[in-house]
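# Chain and residue survey
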Amino acid sequence: MLVRWSVLFVVVVCGVAGASVSDYDVSWASPSSDSRGAMPIGAGDVSAGVWVDGASGDLLISVAKSDAFNENAALAKVGLLRVAFTGQPLLATPFLQALRLESGSIEISAGGMSILIFVDSEYQAIRVSAVSASGPIDVVVTFEPWRTTLSPEDAVHCVTQYVGPDTIVPLRGSDDDASVLWYHRNTFSIWEYDLNLQGLSSLIETLPDPLLGLTWGLAASAPGLDRADLYTLKGVGVENLDMTVVLYTVLDPSDTGIDSWENAIRALLSSVSSVAVDDMFSETSNWWAEFWDRSHIFISSTDGSTDPYNVTSKYIWTRFLDACDGRNSKSPIKFNGQAWVADEGRGLDYRDWGGGYWFQNIRQPYYAAIPSGDFDFMEPLYKMYNDALPLAKKTTETYFNHSGAFYHETITVFGTCVDGEYGYDACAQTYPPNNGASVWIRYHWIGGLEVSWILLDHYLMTGDEKILTKYLPFVEEILTFYDEHFPENDTNGKMVMFPSQSLETWQCGSIPVDSDKCVTNPTPDIGGLKAVLAALLALPSSLTTEAQRARWEAILDRVPDIPTGTRSLRTVIMPGAVIPRSSSNSENTELYTVYPFRVYASGKEEGLQVAINTFDTRRFPCNDGWCQDVVDAAFLGLTSEAKRLVVQRARQETPTGYRFGGFAQHYQDYQPSLDQYTTLRIALHAMILQPLDDNDGSVLLFPSWPSDWDVDVKLVAPRNTIVEAKCEGGVLTKFVVTPENRTAYVHPVSCV
């Protein structure tokens, strides 16, 4: 059956802000030079980069899956598919390749060919449908492998690690030969190496290897196409192309693991390919329609500026990318290239910083998802940390001889410290295990507090008791760690948090530790403890016990005061009660009390001016990547500065050679960077809607919104509240709160 759709030639005039998602569709009038010219699509677990090669006219699809981890816990591409049509019709002009945001699909039209590509929202399958106005067509589909031999991995390792080859499933001489199957199977694993390196060899026999036997791969078929050889499907004179691509992963180190994978993926391919493409496209379009209806921000102005379009488009495109790569995925979104790393001379699997997760770099899409109502993005983050909880607890006991759990700033998907960050100083100096890695992350443990805070914010918005109770034990273990790791009190009964560090900027470089060269009472951790404990104590008594509440109150009583001092003759927040003389990075760590922890923010008068003083005199002004000046300004009600920084961030160019405008430059990550525009999204949310963290679940509406920008918004507020508003010419022209009885708790600040 032919899918019922048509390609429309649509021109979007950049600079003219639209009022619907389709106004931000992306259209290209020519093919691409290489994989940097890929256009993104996805459905969460499976995503793809799609481009037409300008030399051959072939359609190329780079395929990714969120649990395709290799032997070294690095997220790899599953593979590359090439689709060639006789006569090279896609080199003809006019040419159109268009991303249709409302349906999450790509349409291509040239030389009488019309092609639709999308990732199905239910089955996470890639579907390619093509018809020719000229009649029957000849089609060749080829898998192009690059992992063909045992090879050293180009990644963050101080000791060379290797990646094994992919395997093409051989022809069987049966009907099954109408499909191409290939897989990657981890026949060895970095797991034991990591545990031995990090002084955890005693755990090898007690915890299962999460990588050994992990098998992931792809199967592709299309009616009218037969298997020509190991790598190729070929069809001659077919009426239309209807190709289905399915992906599957299984962890099974047994001798039958490969058979289990093959049987499962063949069954999946048979089931999915039997679904009519137009039915599948309809269901997927319906999912995207529901997604876009959850929330929106459309900015405009009457002064002819292109900035409203730039800001809105970056917001929409980034939310789209997060949905493609994050919705119900099997792992958190990778900060260093997301699912769309391109081959820039080092292969489609290469990304700076390798396979690990730096929490400061991966957190942004999850903070951004909450006001957007994208709660189906959240659990991959919680799950990765919670799945690693048994390891984290055993690591804590082994290193420190006490209870609780801590996580390094940089972790593998299974929870160990990234090996290239552990135990090395320029890959030479080995540190004792209980000093926990390089100076950059040795006492950098705030990720556990931030995951806890995100979870509690999630509950604040939704009241989702199931998600809260599922992960509350994780939060308890993080708090136990801090309580037991810092048992000493000062004369005021407050815990002495030493040795410690204030993110990567204020480190503790000496072994043994020297109080003059280390941090005491780091401000980010203090702010995190205060925020998390306050949120826990605000939970309904039906969800907690009297013993829990008493324990949380006791810990909160021990949390030190937020350190303050003087800078430029003004009272400011300090990075810690004691800090080293020199810094090592560029984080304004003291402003973690503003974002993410909202200890100080608009509408919270206590300490607000001190926080503004701190922002005004910050040591490290920065507005790219994960730098959070733009978010701090928004939360502090600094409207002009927030607008300036949002505009500046949105004006950045795409990386060299990349075409999709939502792809950001390298900055502190790797292109396409996750952080640049997800941070912009967080800032816009804070400019429009800020929780007051009071007993009523109140919010401020437009606390930092510029009067010369009109805006149409729909966002999520605490207690399952939806806020819809329009600010036009500085006047509130629409104000609808659902449910209506929550209206009294939404307080317009500007645009009234």
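Predicted model, so just to flag it, every value in this text is computed and none were measured.

Cut-offs applied
- Residues numbered from 1 in each chain as written.
- Predicted model: local features only at pLDDT ≥ 70, side-chain atom pairs only at ≥ 80, totals over all residues.
- Heavy atoms only, no water.
- Helix = DSSP H or I, 4+ residues; strand = E, 2+ residues; numbered from the N terminus.
- Rg over C-alpha atoms; globule rule 2.2 N^0.38 Å.
- Buried < 20%, exposed > 50% of the residue type's maximum accessible area, 1.4 Å probe, protein only.
- Contact = heavy atoms within 4.5 Å.
- Areas by Shrake-Rupley, 256 points an atom, 1.4 Å probe, with all protein chains shown as cover.
- Lys, Arg positive; Asp, Glu negative; His and termini not counted.
- Charge placed at Lys NZ, Arg CZ, Asp CG, Glu CD.
- Pairing = 2+ DSSP bridges.
- Salt bridge = Lys/Arg side-chain N within 4 Å of Asp/Glu carboxyl O.
- Polar contact = N/O pair within 3.5 Å; in protein donor to acceptor, adjacent residues only side chain to side chain.
- Axes fitted to C-alpha atoms, helices over the stretch in contact; angles between N-to-C directions.
- Parallel < 35°, antiparallel > 145°, perpendicular 65-115°, else oblique.
- Nonpolar A, V, L, I, M, F, W, Y, C, P; charged D, E, K, R; others polar.
- Disulfide = S-S within 2.5 Å.
- Left-handed = near helix turned anticlockwise from the far one by under 90°.

In this section: the overall build of the protein. Along its length, the protein carries 16 helices and 31 strands. For the protein, whose C-alpha radius of gyration is 26 Å, the value lies close to the compact-globule estimate of 27 Å for 752 residues. Overall, the protein is about 85 × 65 × 45 Å in size when its C-alpha atoms are taken along their principal axes. Split into buried and exposed, the 752 residues of the protein put 62% on the buried side. Contacts in the protein between residues at least 24 apart in sequence constitute 68% of all its contacts with a sequence separation of at least 6. Carbon and sulfur atoms form 50% of the exposed surface of the protein, whose accessible area is close to 26,300 Å². Considering the protein, the positive charge centre built from 52 side chains and the negative charge centre built from 93 side chains are found 3 Å apart.

Moving on, we get to the pairing of strand S19 (residues 296-300). S19 sits mainly inside the fold: four of its five residues count as buried. As paired elements, S19 and strand S28 (residues 710-717) share five bridges and run antiparallel to each other. Its bridge partner being in S28, isoleucine 299 is matched across the sheet by valine 711.

Further remarks concern the environment of alanine 133. For alanine 133, the position within the fold is in the loop between strand S9 (126-132) and strand S10 (137-143). Remark: the alpha-carbon pair of alanine 133 and glycine 111, spanning 22 residues in sequence, is separated by 8.6 Å.

Okay, helix H6 (residues 364-372) next. Of all nine residues in H6, nine are buried, a share of seventy percent or more. Residue glycine 373 follows H6 closely and has a positive phi angle near 80°.

With that settled, the discussion passes to the side chain of glutamate 504. Position of glutamate 504 relative to the elements: it lies in the loop between helix H10 (465-485) and strand S22 (520-522). Put simply, glutamate 504 is tucked away with no salt bridge, and the nearest opposite charge, on arginine 363, sits 11 Å away. A polar side-chain atom of glutamate 504 sits 2.9 Å from a polar atom in the side chain of asparagine 585. Here glutamate 504 is in contact with Trp358, Glu409, Trp440, Ile441, His444, Ser584, Asn585 and Glu587, once residues within four sequence places are set aside.

Turning our eyes to something else, we now look at the sheet that holds S9. The strands making up a sheet associate through backbone hydrogen bonding, with each pair oriented either parallel or antiparallel. Within the open sheet, the nine strands sit side by side as S1-S6-S7-S8-S9-S18-S15-S14-S13. Their pairing is antiparallel. Here the strands that pair on one side only, and so sit at the sheet edges, are strand S1 (26-28) and strand S13 (167-168). Where helix H3 (residues 277-294) meets the sheet, it contacts strand S7 (105-110), strand S8 (113-119), S9 and strand S18 (241-251), and its direction lies at approximately 55° from that of S8.

We now examine the environment of glycine 235. Relative to the elements of secondary structure, glycine 235 occurs in strand S17 (residues 232-238). Here glycine 235 falls in the buried class, since its relative accessible area comes to 3%. Separated by 95 residues in sequence, glycine 235 and valine 140 have C-alpha atoms that sit 6.5 Å apart. Dropping the residues within four chain positions of it, glycine 235 is found in contact with Ile137, Asp138, Val139, Gly224 and Leu225.

This paragraph deals with the packing of helix H8 (residues 389-400) against H10. At a closest axis distance of 11 Å, the pairing of H8 and H10 adopts a crossing angle of 10°. In terms of axis orientation, H8 runs roughly parallel to H10. Touching Leu389, Lys393, Thr396 and Phe400 of H8 are Phe474, Glu477, Phe481 and His485, all from H10. Each residue belonging to the contact of H8 with H10 can be placed in one class, and the counts come to four nonpolar, two polar and two charged.

Take the sheet that holds S19 next. Strand order in the open sheet made by the four strands is S19-S28-S29-S30, with antiparallel pairing throughout. Strands at the two margins of the open sheet, each flanked by one partner only, are S19 and strand S30 (731-738). Going across the sheet, the axis of each strand differs from the next one's by a mean of 10°, ignoring polarity.

Let us look at the state of the cysteines. Applying the stated criterion to the full structure yields three disulfides. A sulfur-sulfur distance of 2.1 Å marks the disulfide that ties cysteine 508 to cysteine 518. Every disulfide takes its handedness from the sign of the S-S torsion; for cysteine 508 and cysteine 518 that torsion is -105°, giving left-handed. Highlighted residues: cysteine 508 in the loop between H10 and S22 and cysteine 518 in the loop between H10 and S22, separated in sequence by ten residues.

Looking now at the pattern of salt bridges. Enumeration over the complete set of coordinates arrives at 36 salt bridges. For the salt bridge of lysine 65 with aspartate 45, the shortest nitrogen-to-oxygen distance reads 2.9 Å. A residue pair is termed long-range when its members are at least 10 positions apart, and lysine 65 in strand S4 (residues 59-69) and aspartate 45 in the loop between strand S2 (39-42) and strand S3 (46-52) qualify at 20 residues. By the burial criterion, lysine 65 is buried, and aspartate 45 matches it. Between arginine 598 and aspartate 693 there is a salt bridge, with its nearest N and O atoms 2.8 Å apart. Of the two residues, arginine 598 is situated in the loop between strand S25 (576-578) and helix H13 (608-616) and aspartate 693 in the loop between strand S26 (689-691) and strand S27 (699-701); the sequence distance between them amounts to 95 residues. The class of aspartate 693 is partly exposed, set by a relative accessible area of 34%. Via salt bridges that share partners, Glu290, Arg294, Arg319, Asp374 and Asp376 belong to a single interconnected network.

In this section: the packing of helix H15 (residues 639-650) against helix H16 (residues 675-688). Their axes nearest at 10 Å, the elements H15 and H16 cross at an angle of 155°. In terms of their interaxial angle, H15 and H16 are classed as roughly antiparallel. Here H15 runs over H16; the crossing is left-handed. Between H15 and H16, the contacting residues are Ala642, Lys643, Val646, Arg649 and Ala650 on the first element and Asp675, Gln676, Tyr677, Thr679, Leu680, Ala683, Leu684 and Met687 on the second.

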